[in-house]
Amino acid sequence: LIYPSLRWKFIAINLMWFFSTGIYNGLTIGVKNLPGNVYVNGIILFLVESASYFILSTLMNIKCIGRKKTAIIFYFLAAALSFIMAFFPDEGTKTIVVYMFMKLSISVPQTMYYTYSLELYPSVVRSVAFCFNGAFSNAGGVLVPMVMELLARKVMYILFAALLSASAIAFFFMPETVGKPMAESIKELEEDDDEDKSETKKSSKQT
């Protein structure tokens, strides 16, 4: 109750780590169910994921885009592709293409968390908070693929679309960290958030 801003960020980022890693790992394991040769599909998956690293490293450091817009864009893209997969026939090259683009889309925010989470916390709690993020990430990476095996294909992809959309919406309320110094104390973080809120109110009144 003392630090509401930090509490909200901590809870939100843990849940996003959980679902993002779970879907990320689920799509990696699910490549075995794609039509075609599983080894060829695995190589394509590796190339697609490698491409996501280059996309992320470019976009997340552009100040007008940053971490926040990058996550929102690719979460919504992954959600749209997941919804398409729910009603897409599970056969042929088109299915593989949509699946690979979905994997690329989820790989971008998933990888970004390793930078964003560290920038989000003040120095006094950064290592402990990041370890909690890692624990939630590992839990999601284990539990979500297990649940995938129990769900019908259509239900699974609709659920993914809902979770990815929720993560994108949650990011609208998260702070942008690109180009900003890391907070040293919790009090400093709370004060920075108060300043950001007051600046947002001023700009909205001016418009």
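Residues numbered from 1 in each chain as written. Predicted model: local features only at pLDDT ≥ 70, side-chain atom pairs only at ≥ 80, totals over all residues. Heavy atoms only, no water.

Residues and numbers for the packing of helix H1 (residues 4-29) against helix H5 (residues 126-148), please.
At a closest axis distance of 7 Å, the pairing of H1 and H5 adopts a crossing angle of 40°. As far as their axial angle goes, H5 and H1 are oblique. The chirality of how H1 crosses H5 is right-handed. Tallied by class, residues from the contact of H1 with H5 come to 15 nonpolar, 9 polar and no charged. (Axes fitted to C-alpha atoms, helices over the stretch in contact; angles between N-to-C directions. Helix = DSSP H or I, 4+ residues; strand = E, 2+ residues; numbered from the N terminus. Parallel < 35°, antiparallel > 145°, perpendicular 65-115°, else oblique. Left-handed = near helix turned anticlockwise from the far one by under 90°. Nonpolar A, V, L, I, M, F, W, Y, C, P; charged D, E, K, R; others polar.)

Before we move on, can you summarise the packing of aromatic side chains with the specific residues and values?
Counted under the stated rule, the structure contains 12 aromatic pairs. Look at Trp 17 and Phe 130: their rings are 6.3 Å apart centre to centre, the planes differ by 85°, and that puts the pair in the edge-to-face class. Pair noted here: Trp 17 is in helix H1 and Phe 130 is in helix H5, with a separation of 113 residues, a long-range link. Judged by its relative accessible area of 1%, Trp 17 falls in the buried class. Note that Lys 103 overlies the ring of Tyr 24, its terminal NZ or CZ placed 3.5 Å from the centroid. (Phe/Tyr/Trp six-rings, centres within 6.5 Å; stacked < 30°, edge-to-face > 60°. Buried < 20%, exposed > 50% of the residue type's maximum accessible area, 1.4 Å probe, protein only. Lys NZ or Arg CZ within 6 Å of the ring centre and 35° of its normal.)

Run through the nonpolar core, naming residues and quoting values.
Formed by 49 residues in total, the largest nonpolar core has its most connected members in Ile 13, Met 16, Tyr 75 and Phe 171. Of all elements in the fold, only H1, helix H2 (38-59), helix H3 (66-86), helix H4 (92-120), H5 and helix H6 (153-171) reach the threshold of two or more residues within this core. By residue number, the principal contributor to this core is H4, which donates 12 residues. Filtering out sequence-adjacent residues up to four positions away, Tyr 75 remains in contact with Met 16, Ser 20, Ile 106, Pro 109, Tyr 113, Leu 164, Ser 167, Ala 168 and Phe 171. (Core = buried A, V, L, I, M, F, W, Y, C linked by side-chain atoms within 4.5 Å. Contact = heavy atoms within 4.5 Å.)

Just give me the short version of the pattern of salt bridges, but keep the residues and values in it.
Within the structure shown, the criterion is met by 3 salt bridges. Across the pair Lys 103 and Glu 49 runs a salt bridge whose closest N-O atoms are separated by 3.7 Å. On the criterion of sequence distance, the pair formed by Lys 103 in helix H4 and Glu 49 in helix H2 is long-range, its members being 54 residues apart. According to the relative accessible area criterion, Glu 49 is buried, its value standing at 13%. (Salt bridge = Lys/Arg side-chain N within 4 Å of Asp/Glu carboxyl O.)

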